[in-house]
Amino acid sequence: MKVNDDLLVLELSANLMGGPTLIHPVVIVDEAMGLTLVDAGLPGMADAIGALLSEQGLKLSDIKRVIITHHDLDHIGSVPAVVEASGAQVWAPEREIPFLEGREWPQKMPTPQQADQLLADPNVPQARKEMIKQMSGMKPVTLKVDRALKDGEVLPMAGGVRVVTTPGHTFGHASLYLERHQTLITGDALSSSAGQLSGPFPAGTADMKTAGESVNKLAGLDVQTIVTYHGGVVSEEASGQLKQVAGQMAAAN
Ligand SMILES: [Zn+2]
């Protein structure tokens, strides 16, 4: 789906948290810089991404870089295949790089030993157990990052794409703010459903207090449109909804 001349929102079917759902990588379009894919789904999704691009007259091999919001598997699983098909660079927030390059174990992925302990623990919520079951047996995806992204830097594409670090969901999670059309790509710093914005999923978020502070930081931006990875486009009253969610999260902290 084309949000504006700078931005396509893709919609992919995925099995996550015990059921079918939709995820939303996006493509930032810039005449000079070429295509930038933001996040790339689970392993095995590169062909589906290519098929969606071809509907727009674009090709997987046109992708010049992949920007990663954070290292969770449902965001990076197909990055290696996209890189192989396109030769794209990989850009990622500074604090996510050790996880992506395999120097730190993924923040929320239990080691096999931890998984056994957590599944046996009656105090662990069922939703968390479902995620643990799904993740156990998976191997972390590792890749090489070509460029570190810093908080506040503006990437020279599509009228300026500002990197806004939004830690909480993971240590180094970042969102992107497209200045020209005041569009916010939130990754998992926020979620949404049918145009209704909400906070990040608590079961998948490492630190809800820090996540709330990050949402408050996002609420300081002038926003017309929000795209969440797990919910898609929020266009009605986006700014008002964002401020409301920030207020709710602050009150819960
Ligand atoms: Zn995530």
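From a predicted model like this one, the values you see are computed outputs, not experimental measurements.

**Observations regarding the overall build of the protein chain**
Logical step 1: Along its length, the protein chain carries eight helices and 17 strands.
Logical step 2: The C-alpha atoms of the protein chain give a radius of gyration of 17 Å, which matches the 18 Å a tight globule of 253 residues would have.
Logical step 3: Its C-alpha atoms put the protein chain at 55 × 40 × 30 Å along the principal axes.
Logical step 4: Summarising the internal contacts of the protein chain: among those between residues at least 6 apart in sequence, 63% fall at separations of at least 24.

**Observations regarding the packing of helix α7 (residues 208-218) against helix α8 (residues 238-252)**
Logical step 1: One can describe the packing of α7 onto α8 by two numbers: an axis separation of 9 Å at closest approach and a directional angle of 150°. In terms of orientation, α7 and α8 fall into the roughly antiparallel class. As for the relative orientation of α7 and α8, their crossing is left-handed in sense. Residues Gly 212, Val 215, Asn 216 and Leu 218 of α7 touch α8, and the partners they reach there are Leu 242, Val 245, Ala 246, Met 249, Ala 250 and Ala 252.
Logical step 2: Residues of the contact of α7 with α8, tallied by class, amount to eight nonpolar, two polar and no charged.

**Regarding the sheet that holds strand β1 (residues 2-4)**
Pairing between sheet strands relies on hydrogen bonds along the backbone, with the strands arranged either parallel or antiparallel.
Logical step 1: Strand order across the open sheet formed by seven strands is β1-β2-β5-β6-β7-β8-β9, with mixed pairing between neighbours. With partners counted over all chains shown, the strands left at the sheet margins are β1 and β9 (147-149), one partner each. Neighbour to neighbour, the strand axes of the sheet diverge by 25° on average, direction disregarded.
Logical step 2: By the bridge criterion, three bridges tie strand β2 (residues 7-9) to strand β5 (residues 26-30) in an arrangement that is antiparallel. Residue pairing for β5: Val 9 is matched across the bridge by Val 26.
Logical step 3: On top of the sheet, helix α3 (residues 79-86) reaches β6 (34-38), β7 (63-67) and β8 (89-93); it is set at about 160° to β7, its chief contact.

**Topic: α7**
Logical step 1: All buried positions along α7 are accounted for by Ala 211, Gly 212, Ser 214, Val 215 and Leu 218. All buried residues of α7 fall inside an arc of 160° around its axis, so they share one side.

**As for the nonpolar core**
General note: in soluble globular proteins, nonpolar side chains tend to be found buried as a group.
Logical step 1: Membership of the largest hydrophobic core comes to 59 residues, with the highest contact counts inside it found for Val 26, Ile 28, Val 66, Val 82 and Ile 226.
Logical step 2: The element that contributes the greatest number of residues to this core is α8, accounting for five residues.
Logical step 3: In contact with Val 66, other than residues within four places in its own chain, are Leu 37, Ala 40, Val 79, Val 82, Val 83, Ala 88 and Val 90.

**Describing the environment of Ser 235**
Logical step 1: The residue Ser 235 is located in the loop between β17 (232-234) and α8 in this model.
Logical step 2: Taking the C-alpha atoms as reference, Ser 235 lies 6.7 Å from Gly 195; in sequence the two are 40 residues apart.
Logical step 3: The residues contacting Ser 235, other than those within four sequence positions of it, are Gly 195 and Thr 225.

Definitions and cut-offs
- Residue positions within a chain follow its written sequence, with the count starting from 1.
- Restriction of local features to residues with pLDDT of at least 70 applies here, the model being predicted, together with a cutoff of 80 or more for giving and counting side-chain atom pairs; totals for whole chains, interfaces and linings are based on all residues.
- A run of DSSP states H or I qualifies as a helix once it reaches four residues; a run of E qualifies as a strand once it reaches two. Both are numbered from the N-terminal end.
- Based on C-alpha atoms, the radius of gyration is set beside the globule rule, defined as 2.2 Å times the residue count to the power 0.38.
- The contact rule is simple: place each C-beta atom from the backbone, and if two of them lie within 7 Å, those residues are in contact.
- Geometry is summarised by axes, namely lines fitted to C-alpha atoms with helices restricted to the contacting stretch, and by angles between N-to-C directions that run from 0 to 180 degrees.
- Just so you know how the angles are binned, under 35 degrees is roughly parallel, over 145 roughly antiparallel, 65 to 115 roughly perpendicular, and the rest oblique.
- By definition, any crossing whose near helix is turned counterclockwise from its far helix by less than a right angle is left-handed, and any crossing with a clockwise turn is right-handed.
- When residues are grouped by polarity, Ala, Val, Leu, Ile, Met, Phe, Trp, Tyr, Cys and Pro land in nonpolar, Asp, Glu, Lys and Arg in charged, and all others, Gly among them, in polar.
- DSSP-based pairing: two strands are paired if at least 2 bridges between them are found.
- Our exposure labels follow a C-beta count within 10 Å of each residue's own C-beta, placed from the backbone: buried means 20 or more other C-beta atoms, exposed means 12 or fewer, and partly exposed covers the counts in between.
- The directions considered for the arc are those from the helix axis to the C-beta atoms.
- By our criterion, buried Ala, Val, Leu, Ile, Met, Phe, Trp, Tyr and Cys residues that link up through C-beta atoms within 7 Å make up a nonpolar core.

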